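Take a look at the letters that make up each chain.
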Amino acid sequence: MLTPEHVKQFLTAELHCTHLEVEGDGQHFFAVIVSPDFAGKRLIERHRMVMAVVKAKLDSNELHALSITQALTPEEWAQKA
């Protein structure tokens, strides 16, 4: 069964994350992702980037769902603080 740490590993292997929070129950996960890779990207593009990272896990049904609660640049994240 996947843990939030596993999902963090998948994401950080492909995205440079300056802040990453993942919560979940083994199949359904929720993530707050802060990455400079999102700079200049629209929200839908950011979500597509993240989902591309976990696509194989979703396709194999190892990961049932990943909800991206926030996909922000470091500057956007700093403004929220």
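What comes next concerns the included structure.

Considerations on the packing of helix H1 (residues 4-14) against helix H2 (residues 43-59)
Moving on, step 1. It is the contact of H1 with H2, at a shortest axis distance of 9 Å, that shows an interaxial angle of 125°. It follows that H1 is oblique to H2 by the angle criterion. Where H1 crosses over H2, the handedness of that crossing is right-handed. Within the contact between the two elements, H1 uses Phe-10, Leu-11 and Glu-14 and H2 uses Val-50, Val-53, Val-54 and Lys-57.
Moving on, step 2. Split into classes, the residues belonging to the contact of H1 with H2 amount to five nonpolar, no polar and two charged.

Examining the nonpolar core
Nonpolar side chains in soluble globular proteins tend to end up buried together.
Moving on, step 1. Counting 18 residues, the largest nonpolar core has Leu-11, Ile-33, Val-50 and Leu-66 as its most contacted members.
Moving on, step 2. Of all the elements in the fold, those that place two or more residues in this core are H1, strand S1 (19-24), strand S2 (28-34), H2 and strand S3 (65-72).
Moving on, step 3. Discounting chain neighbours no more than four positions away, the residues touching Leu-11 are Leu-20, Val-22, Ile-33, Val-50, Val-53 and Val-54.

Considering the sheet that holds S3
Moving on, step 1. One open sheet accounts for three strands, arranged S1-S2-S3; its pairing is mixed. Here the strands that pair on one side only, and so sit at the sheet edges, are S1 and S3. Adjacent strand axes in the sheet meet at a mean angle of 15°, parallel and antiparallel pairs treated alike.
Moving on, step 2. Bridge count for S2 against S3 is seven bridges, and the pairing is parallel. Opposite Phe-30, over in S3, you have Ser-67 as the bridge partner.

Re unusual backbone geometry
Moving on, step 1. The phi dihedral of Asn-61 falls on the positive side, at around 70°, and the residue is not glycine.
Moving on, step 2. Within the secondary structure, Asn-61 sits in the loop between H2 and S3.

The rules we used
- Residues numbered from 1 in each chain as written.
- Predicted model: local features only at pLDDT ≥ 70, side-chain atom pairs only at ≥ 80, totals over all residues.
- Heavy atoms only, no water.
- Axes fitted to C-alpha atoms, helices over the stretch in contact; angles between N-to-C directions.
- Helix = DSSP H or I, 4+ residues; strand = E, 2+ residues; numbered from the N terminus.
- Parallel < 35°, antiparallel > 145°, perpendicular 65-115°, else oblique.
- Left-handed = near helix turned anticlockwise from the far one by under 90°.
- Contact = heavy atoms within 4.5 Å.
- Nonpolar A, V, L, I, M, F, W, Y, C, P; charged D, E, K, R; others polar.
- Core = buried A, V, L, I, M, F, W, Y, C linked by side-chain atoms within 4.5 Å.
- Buried < 20%, exposed > 50% of the residue type's maximum accessible area, 1.4 Å probe, protein only.
- Pairing = 2+ DSSP bridges.

In short, geometric facts, not functional conclusions.
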